[in-house]
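Topology and contacts: notes
If you want the building blocks of each chain, they are given just below.
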Amino acid sequence: MNHDQIVAAWAAAWSGTDPASLGALFTPNATYIDQGIGVAMVGREQISGWKARTDAGIEDVRVTVNHASHCGDRITIEGVYAGHIKGAPTPFAVPLATLLDLENGEIARDQDFYSLNTVFTQSGLPADWTPATS
């Protein structure tokens, strides 16, 4: 895939409902770092699992790409991360910056940057909110 195709597939996978479609874009030992929450996943299975957990806690997850550029094997994406945290009064839509590092046409490293505090504020939740455990 070329750079534009990777960006489109990445955004479609985040906005879609099949967690495996996100994991399939990555190298077998890829790293995915969610800087907003401060967690890292390694490998396709963990990355697919992260998408599944996100979908379990946030309805209508979607990523909108406003701009993407590349320099060599690094893609920089500016966009919007949106959804509705289950149980929150209102949905959120926050600015997102993502860095994708590629190896042989697959994503080897993904870093997502957004403000978790802004997600909670827009959602009508306190800054120290954590999901209920069942």
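It should be noted that the structure appears before, not after, this text.
Structure report, in brief. Quick caveat, the model's predicted, so the values are computed rather than measured.

**A closer look at the pairing of strand 1 (residues 26-34)**
With 5 bridges joining them, strand 1 and strand 6 (residues 106-113) adopt parallel strand pairing. For Phe26, the partnering residue across the bridge sits in strand 6 and is Ile107. Bridging between strand 1 and strand 2 (residues 39-42) involves 4 bridges; their strand directions are antiparallel. Along strand 2, the bridge assignment pairs Thr31 with Val42. Taking the residues between adjacent antiparallel strands as the criterion, strand 1 and strand 2 are bridged by 4 residues, where Gly38 takes a positive phi near 85 degrees.

**Quick look at the packing of aromatic side chains**
Inspection of the entire model under this criterion finds 5 aromatic pairs. On the basis of an interplanar angle of 65 degrees and a centroid distance of 6.1 Å, the ring pair of Trp14 and Tyr32 is categorised as edge-to-face. Note that Trp14 is positioned in helix 1 (residues 3-15) and Tyr32 in strand 1, a separation of 18 residues in sequence. Tyr32 matches Trp14 in its accessibility class, with the two residues each being buried.

**Concerning the side chain of Asp112**
Summarising the element assignment, Asp112 is placed in strand 6. Despite being buried, Asp112 has no salt bridge partner; Arg109 is the closest side chain of opposite charge, sitting 10 Å away. At 2.3 Å, the side chain of Asp112 forms a polar contact with the side chain of Tyr32. Looking at Asp112, its side chain comes within polar contact range of the side chain of Thr98, at 2.9 Å.

Conventions we followed
- Residues numbered from 1 in each chain as written.
- Predicted model: local features only at pLDDT ≥ 70, side-chain atom pairs only at ≥ 80, totals over all residues.
- Heavy atoms only, no water.
- Pairing = 2+ DSSP bridges.
- Helix = DSSP H or I, 4+ residues; strand = E, 2+ residues; numbered from the N terminus.
- Phe/Tyr/Trp six-rings, centres within 6.5 Å; stacked < 30°, edge-to-face > 60°.
- Buried < 20%, exposed > 50% of the residue type's maximum accessible area, 1.4 Å probe, protein only.
- Lys, Arg positive; Asp, Glu negative; His and termini not counted.
- Salt bridge = Lys/Arg side-chain N within 4 Å of Asp/Glu carboxyl O.
- Polar contact = N/O pair within 3.5 Å; in protein donor to acceptor, adjacent residues only side chain to side chain.

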